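Understanding the architecture of this molecule
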Amino acid sequence: MLIATYEYQDSTLLQLTTPAHDAEPSAAVLKDPAIAGFEVTTLVNQPHHRVGEAIGDFYRNRRRDDLTLLYFTGHGMSASVWIDVMVDVCIRLEGALCRWECAG
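All values derive from a computational prediction rather than experimental measurement.

A few words on the pattern of salt bridges. Taken as a whole and assessed by the stated rule, the structure comprises four salt bridges. D65 serves as the salt-bridge partner of R63, at 3.8 Å between the closest nitrogen and oxygen. The residues R63 and D65 share a single accessibility class, namely exposed. Note that D66 is salt-bridged to R63, the shortest N-O span being 3.5 Å.

Following this line, the structure appears as structure tokens:
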């Protein structure tokens, strides 16, 4: 599974250019039967509820010895000493706090 986020609703976050160029070429390489032959799901600029649902679906029926890859390209931040989070399109930074709000 490849997740790329580069367009953000919060104007204080830099709009990234690299994730836009990471996801599709990486997916093509991973799908290529001559290289890896994986089934690949690619999510681009999706809200957190869609990403969370897709990750849950991705791992739902996996067995302990399955080989999986979850790749995220985009902003990341430390929410605390114990938690690092992927920043998605809906995040709003409010000082030391962040909240998710997506329209629609």
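Past the structure itself, the notes keep going.
Glancing now at the sheet that holds strand 3 (residues 71–73). Sheet architecture is open: three strands sit in the order 2-1-3, paired in parallel fashion. Edge positions in the open sheet fall to strand 2 (42–44) and strand 3, since each of these has one partner strand only. Between one strand and the next, the sheet's axes are offset by a mean angle of 10°, whatever the strand orientation. By the bridge criterion, three bridges tie strand 1 (residues 2–4) to strand 3 in an arrangement that is parallel. What sits directly across from A4, in strand 3, is T73. Along the sheet, helix 1 (residues 18–31) contacts strand 1, strand 2 and strand 3; its crossing angle with strand 1, the most-contacted strand, is approximately 165°.

Quick look at unusual backbone geometry now. Despite not being glycine, N45 shows a phi value in the positive range, around 50°. A relative accessible area of 16% places N45 in the buried class.

Okay, the confidence of the model for the chain next. Close reading of the predicted structure is inappropriate where its pLDDT is low. Averaged over all residues, the pLDDT of the chain is 76; the fraction at 70 or higher stands at 71%. Ranking the helices and strands of the chain by mean pLDDT puts strand 2 first, with 91, and strand 7 (residues 97–100) last, with 46. Across residues 81–85, where pLDDT falls below 50, the model places seven contacts with residues more than four positions away in sequence or in other chains. Scored below 50 in pLDDT, residues 96–100 makes 13 contacts in the model with residues more than four places away or belonging to other chains.

Moving on, we get to the packing of aromatic side chains. A complete count under the given rule lists one aromatic pair for this structure. The aromatic ring of F58 is capped on one face by R62, whose charged end is 4.7 Å from the ring centroid.

Looking now at the side chain of D22. In this structure, D22 sits in helix 1. The charged side chain of D22 is buried without a salt bridge, its nearest counter-charge being K31 at 16 Å. A polar side-chain atom of D22 sits 3.4 Å from a polar atom in the side chain of Y71. Side chain to side chain, D22 and T73 meet in a polar contact 2.9 Å long. Setting aside residues up to four positions removed in sequence, D22 forms contacts with Y71 and T73.

The rules behind the values
- Residues numbered from 1 in each chain as written.
- Predicted model: local features only at pLDDT ≥ 70, side-chain atom pairs only at ≥ 80, totals over all residues.
- Heavy atoms only, no water.
- Salt bridge = Lys/Arg side-chain N within 4 Å of Asp/Glu carboxyl O.
- Buried < 20%, exposed > 50% of the residue type's maximum accessible area, 1.4 Å probe, protein only.
- Pairing = 2+ DSSP bridges.
- Helix = DSSP H or I, 4+ residues; strand = E, 2+ residues; numbered from the N terminus.
- Axes fitted to C-alpha atoms, helices over the stretch in contact; angles between N-to-C directions.
- Contact = heavy atoms within 4.5 Å.
- pLDDT = per-residue confidence, 0-100.
- Phe/Tyr/Trp six-rings, centres within 6.5 Å; stacked < 30°, edge-to-face > 60°.
- Lys NZ or Arg CZ within 6 Å of the ring centre and 35° of its normal.
- Lys, Arg positive; Asp, Glu negative; His and termini not counted.
- Polar contact = N/O pair within 3.5 Å; in protein donor to acceptor, adjacent residues only side chain to side chain.

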